[in-house]
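For reference, the chains in residue letters:
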Amino acid sequence: MQESGDINENRCKTLSNELNKVLGGTARGGLFLFLGMTSSMAILAANSMIIGRLLGPYLYGQYALSLFLPQLLFLFSGFGINQGLIKNITDLYWRREEKRLVKIIQSGVMFRGFIGIIASFAVFCSANYFSSFVGRPEITLYIQLSSPALVFQVLYSVIVAVFIGLEKTNHSALMNVIFAAIKFAASTYLVLIGLKITGAILGNLIGYMVVDVIGASILLIKLKNFSQRNGNGEFRFAENMKILMGFGMPLYASTLLTGFMPLYQDLILALSVTSMELGNFKAAINFVTAIKMILSGTSIILLQISSKISSLNMKNRMTSIFKAISKYTAILIVPAIGAVILFSKEIIGIIYGSNYQLAPIYLSSLCIIYLLVPLGYLTLFNLLSGLGETKMALKITLINFILFLVLGPSLTKIYGVAGIIASFIISNSASTFFAINLAKRKFRVEFKVDEILGAYLIGGLSGIPLILFHSTFISSTLSVAIGILIYFFTYMTLILLTRILNETELKVAISALHDIRLLVFLIRLITAYQRKILNIRLFFISQ
């Protein structure tokens, strides 16, 4: 017994040391990134609702169409530079090669700024052609007015990427929140004083300009500090761009394919279903997109973690590290998605009102795919990318894209919206299982399948009381919130009681997350609670 305890203690220390090396400041940064993205999304969602109400459906439609062309060119202007910066900055930062790091950052920012100017000019020049093509010549001036914001949006995205690579995700989070707040205040004020569409567009521009000035100022100070410590290295722009684009171009191709899929999806639905069904689907997909954007923060952090694993020569420890990450992801994601599925009707009703009768079933169905996150959906793509396997990552996207391209029209024609949802789930599931196979063969990635399945089972069991007494929790927003809290409490109690999450792993988490006091405090509360319920269980067993 003593020998077994010593082995477990040694395993705990080994895993703790590995996670400390890999996580470093990443866990803290991940928390900042998550909070920043969630807060900024909430502010921007409120801004969209207010602007939509102030402008009315006709003018709001013109405003949305005015931003279509700039957003399309923003998608095409990336060339994978942001992903290349995150990967290479992380590598160089951990190897303490600060001279090269500074030059890589300068090259990436200069290139993206130059491309942003070209893209902005292209939007301005093609505004008349685009407005004529869509049959709305009156929006030409609005498109031209929105074109300068493209330059600042490009710079905003590249500065955020640099901060993530430098493990300054608190700065990235702050930039997200500042942009959202300034856009909210400026656009709302300008629309209220009578500028209407012009005010909304100028509010967007002002938001990007202000946040770029703040972000660029912080970045310049950091680069100056690096240069003062290490001197100025040789500036090799062509070589630096080759490194960035060599890593980023396959990911850029993946981004283009992924960005095209929602447009293709909307086209299929427009040709196959009624406006009422389409409206309900868009209400559901907007909420799902918000979930995906929040989870994308986790994916970005995993890209950074895998880059660290590569730079620290720890690829041989990938199995144990990814096992731990996938298990903890399962424990966190299952109750969150379970709560959305259980309360989909109430969530849609609170956000959109009672007219969206079909949206809850669409939302519940779309959420199913996110139960695959612990098995690699969204995460394995960034894991492989961070390890330099960008061609493998592109293959994953291609499988998803081709399957959706083929299945979407045929299934939607037969089953309507249910067909497009089925296509979405099938294509993403197939690409995820392909990614699992690749990761297993290349890096011997494994999963704690029994414990992940245990989390799924407990997630289902925890929802049974709420299903039986569902009518009790739908009378108000407060009662829905209480119902969700009861679900989370039941789930966590069963997870601890069954020891799917045990005390040894909680110790590892405390050690790895020692610099995040709030999380450490919460984990210690969970540990104390687990001891109490296990003591109660032992008492009843002994009786």
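Residues numbered from 1 in each chain as written. Predicted model: local features only at pLDDT ≥ 70, side-chain atom pairs only at ≥ 80, totals over all residues. Heavy atoms only, no water.

### A word on the overall build of the protein
In terms of helices and strands, the protein carries 20 helices and zero strands. Counted over contacts in the protein with a minimum sequence separation of 6, partners at least 24 positions apart contribute 82%. In the structure as shown, the protein presents an accessible area of about 25,700 Å², 68% of it carried by carbon and sulfur atoms. (Helix = DSSP H or I, 4+ residues; strand = E, 2+ residues; numbered from the N terminus. Contact = heavy atoms within 4.5 Å. Areas by Shrake-Rupley, 256 points an atom, 1.4 Å probe, with all protein chains shown as cover.)

### Structural notes on the packing of aromatic side chains
Applying the stated criterion to the full structure yields 14 aromatic pairs. Between Phe179 and Tyr208 the ring centres are 4.2 Å apart and the planes differ by 25°, which places this aromatic pair in the stacked class. Tyr208 gets classed as buried once you look at its relative accessible area, which sits at 8%. Arranged with centres 6.0 Å apart and planes meeting at 55°, the rings of Phe260 and Phe401 form a pair that is tilted. Separated by 141 residues along the polypeptide, Phe260 in helix α8 (residues 237-272) and Phe401 in helix α14 (residues 390-415) bring together distant segments of the chain. Residue classification places Phe401 among the buried residues on the basis of a relative accessible area of 14%. In this structure an aromatic cluster arises from ring pairing among Phe260, Tyr264, Phe401 and Phe404. (Phe/Tyr/Trp six-rings, centres within 6.5 Å; stacked < 30°, edge-to-face > 60°. Buried < 20%, exposed > 50% of the residue type's maximum accessible area, 1.4 Å probe, protein only.)

### Looking at the pattern of salt bridges
Under the counting rule described, the total for this entry stands at four salt bridges. Between Lys87 and Asp91 there is a salt bridge, with the nearest N and O atoms lying 3.3 Å from each other. In this pair, Lys87 and Asp91 both sit in helix α4 (residues 81-94), four residues apart, roughly one turn of the helix. Between Glu451 and Lys327 there is a salt bridge; the shortest N-O distance is 2.9 Å. With Glu451 in helix α16 (residues 449-462) and Lys327 in helix α10 (residues 318-342), the pair connects residues that are 124 residues apart, well separated along the chain. For Lys327, a relative accessible area of 2% corresponds to the buried category. (Salt bridge = Lys/Arg side-chain N within 4 Å of Asp/Glu carboxyl O.)

### A few points about the environment of Ala216
Within the secondary structure layout, Ala216 lies in helix α7 (residues 169-230). With 61 residues separating them along the chain, Ala216 and Leu155 place their C-alpha atoms 8.8 Å apart.

### With respect to α14
Given a rise of 1.5 Å per residue, 26 residues ought to cover 38 Å, and the 36 Å separating the end C-alpha atoms of α14 matches this to within 8%. The sharpest bend along α14 measures roughly 35° and falls at Leu407, with the proline Pro409 sitting one to four residues further on. Looking at the residues trailing α14, positive phi occurs at Gly416, about 70°. (Expected span 1.5 Å × (residues − 1). Bend = angle between axes of the 7 residues up to and from the residue.)

### Things to note about the environment of Ile500
Turning to its location among the elements, Ile500 is positioned in the loop between α18 (477-497) and α19 (503-512). Discounting chain neighbours no more than four positions away, the residues touching Ile500 are Lys327, Ile331, Glu451, Gly454, Ala455, Ile458, Ile495 and Glu505.

### Details of the packing of helix α5 (residues 98-133) against α8
Two numbers describe how α5 lies on α8: the axes approach to 9 Å, and their chain directions differ by 80°. With respect to α8, the element α5 is oriented roughly perpendicular. Judged by residue contacts, Arg100, Lys103, Ile104, Ser107, Gly108 and Phe111 of α5 engage Phe237, Asn240, Met241, Ile243, Leu244 and Met245 from α8. Within the contact of α5 with α8, the residues separate by chemical class into seven nonpolar, three polar and two charged. (Axes fitted to C-alpha atoms, helices over the stretch in contact; angles between N-to-C directions. Parallel < 35°, antiparallel > 145°, perpendicular 65-115°, else oblique. Nonpolar A, V, L, I, M, F, W, Y, C, P; charged D, E, K, R; others polar.)

### Remarks on the nonpolar core
With 71 residues, the main nonpolar core has Phe281, Leu363, Leu366, Tyr370, Tyr377, Val417 and Ile420 as its most contacted residues. Discounting residues that sit within four places of it in the chain, Leu366 has contacts with Phe281, Ala284, Ile285, Val288, Ile421 and Phe424. (Core = buried A, V, L, I, M, F, W, Y, C linked by side-chain atoms within 4.5 Å.)

### Brief notes about the packing of α4 against α8
Running from N to C, α4 and α8 point in directions that differ by 125°, and their axes come no closer than 7 Å. In terms of orientation, α4 lies oblique with respect to α8. α4 and α8 meet at a crossing whose hand is right-handed. Counted together, Ile81, Gln83, Gly84, Leu85, Lys87 and Asn88 of α4 and Met241, Ile243, Leu244, Met245, Phe247, Leu251 and Thr255 of α8 form the full contact between these two elements. Of the residues assigned to the contact of α4 with α8, the class counts are eight nonpolar, four polar and one charged. (Left-handed = near helix turned anticlockwise from the far one by under 90°.)

### Overview of a nonpolar patch on the surface
On the surface, Phe68, Phe260, Leu263, Leu398, Ile402, Leu405 and Val406 cluster together into a nonpolar patch covering about 570 Å² of accessible area. Sorting the residues of the nonpolar patch by element identifies α8 and α14 as the ones contributing at least two each. Looking at which element gives the most residues to the nonpolar patch, the answer is α14, with four residues. Examined against the element boundaries, Phe68 turns out to sit in helix α3 (residues 68-76). Given a relative accessible area of 34%, Phe68 falls into the partly exposed group. (Patch = residues over 30% accessible without salt bridge, like charges linked within 9 Å, V, L, I, M, F, W, Y side chains within 5 Å.)

### As for unusual backbone geometry
Positive phi values are uncommon outside glycine, yet Phe79 reaches one of about 55°. Tracing the chain through its elements places Phe79 in the loop between α3 and α4. Residue classification places Phe79 among the partly exposed positions, given a relative accessible area of 24%. The residue Arg499 is not glycine, and still its phi comes out positive at about 60°. In this structure, Arg499 sits in the loop between α18 and α19.

### Observations regarding the side chain of Lys183
Positionally, Lys183 belongs in helix α7. Buried charged residue Lys183 carries no salt bridge. Nearest counter-charge: Asp212, at 14 Å. (Lys, Arg positive; Asp, Glu negative; His and termini not counted.)

### Comments concerning the environment of Ser66
Mapped onto the elements of the fold, Ser66 is located in helix α2 (residues 26-66). With residues near it in sequence (within four places) discarded, Ser66 still touches Ile139, Tyr142, Ile143, Ser146 and Ile201. Side-chain polar atoms of Ser66 contact the backbone oxygen of Gln62, separated by 2.7 Å. (Polar contact = N/O pair within 3.5 Å; in protein donor to acceptor, adjacent residues only side chain to side chain.)

### Thoughts on the confidence of the model for the protein
On average, the protein scores 81 in pLDDT, and the residues at 70 or more come to 83%. Across the protein, helix α6 (residues 140-165) holds the top mean pLDDT of 94, while helix α1 (residues 2-23) sits lowest at 50. This model gives residues 1-9 a pLDDT under 50, and the stretch forms one contact once residues within four places in sequence are excluded. (pLDDT = per-residue confidence, 0-100.)

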